[in-house]
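Commentary on secondary and tertiary structure
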Amino acid sequence: MAEASTLCKFLNGLFVVYKPAGQTFHNVRSKILHNLCRDLNSLHARPPSKRIDIKRTELVSNPYKIMVSNSFSDLTIATGPRYQMVDFKCVAAKNIGKISSGVLLMGIDRDGICKALHIRNNASLRTYRVTGKLGSSTENNLCNSRVVERAKFDHIYVEKLTELISSLQGSHQRKAFEQCQIDLQSQVAYDVAVGGPILPPSRLPIIHNIKCLEFRKPYFTLEISSANETEDYLAKLIYEIGLNLQTVAHCVKITCIRHGIFTIDDSLTRENWNIEKIISNMALCNKKLAIKPDMIKPI
């Protein structure tokens, strides 16, 4: 088993976890750092630092005696555990909200924090599966608040929903070209569209793709690829879809299944939030970023 100091040096990079619904980023961060400290403190740690005492003796030939002992100020009984949560810095590339679950990119220590901030500034695309419920709306458009309005939804069919979200996607794509000041009828617009998703310079939410995965009244599930979105924005989008369908709706579930090149299959579930799995996940992330470094390229 490696020493704690050796493993601690490897905790410097980007890793992916699966954030459970109902927990904030701070809850997840605290749990991960607690587990890391627990694992490090269970390993062989460095010995306490030494102190030198010089004492006077009654011997004429050797009037002083030098004694080396453990420094009381460096004993764990005085300082607490050798590794503590305050010793680590950890940030999220971008939070996904308390109600949401799914892929959460996190960076730890200098290299990991730097990569996480570059990903945040680059506004990488994230893909969600969002489930809405027709017939009722809530105060904050999410499932954790009280219902404030009810309406009939018998007149809604999957064809109407598909037509609406196709129109919504088209309007967002036009908005993205307008923000980049690109003429839709030009060759430049075609070249940009072929090159991949358009990321306008503004920080406004942009939907790049939206499709209906399932429609079972009163529930429907959409797959949404977007940039600069928030949990509140996605919830409001479900509410507005309900209004355009001449009813009301609210969001009951949000799951992030992809963030850039990282998918839900790459993420660590809660039972795997330990030092061994996290270091292995960092190596996986480094391999993926080596293949596609644009995600962490400074803008």
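Up top is the structure.
Described in the following lines is the structure provided in the data block. (Residues numbered from 1 in each chain as written. Predicted model: local features only at pLDDT ≥ 70, side-chain atom pairs only at ≥ 80, totals over all residues. Heavy atoms only, no water.)

**Considerations on the overall build of the protein chain**
Each helix and strand in the protein chain was counted, giving eight helices and twelve strands. Taking all 299 residues of the protein chain together, 42% fall into the buried category. Taking all contacts inside the protein chain whose residues are at least 6 apart in sequence as the whole, residues at least 24 apart take part in 71%. Roughly 16,700 Å² of accessible area belongs to the protein chain as shown, and the carbon and sulfur atoms make up 53% of that amount. (Helix = DSSP H or I, 4+ residues; strand = E, 2+ residues; numbered from the N terminus. Buried < 20%, exposed > 50% of the residue type's maximum accessible area, 1.4 Å probe, protein only. Contact = heavy atoms within 4.5 Å. Areas by Shrake-Rupley, 256 points an atom, 1.4 Å probe, with all protein chains shown as cover.)

**Some details on helix H4 (residues 109-122)**
Relative to the 20 Å expected for 14 residues at 1.5 Å per residue, H4 spans 20 Å between its end C-alpha atoms, a close match to the ideal helical length. What H4 keeps buried is the set Gly112, Ile113, Lys115, Ala116, Ile119 and Asn122. Those residues of H4 that are buried lie in contact with strand E1 (13-19), strand E4 (90-92), strand E5 (101-108), strand E11 (249-259) and helix H8 (275-291). A positive backbone phi angle near 55° is found at Ala123, which sits one or two residues after H4. (Expected span 1.5 Å × (residues − 1).)

**A few points about the nonpolar core**
Across soluble globular proteins, nonpolar side chains show a tendency to be buried alongside one another. Within the largest apolar cluster, 38 residues are counted, with the highest numbers of intra-cluster contacts made by Leu105, Val130, Leu222, Ile224, Ile241 and Phe262. Sort the elements by how many residues they give to this core and helix H7 (residues 231-244) lands first, with five residues. With sequence-adjacent residues up to four places away left out, Ile224 is seen in contact with Arg126, Thr127, Tyr128, Val130, Ile207, Asn209, Ile210, Leu234 and Leu237. Core analysis: the next-biggest nonpolar cluster, separate from the first, contains 26 residues, Phe15, Cys90, Leu268 and Met282 among them. (Core = buried A, V, L, I, M, F, W, Y, C linked by side-chain atoms within 4.5 Å.)

So yeah, pure geometry; function would need other evidence.
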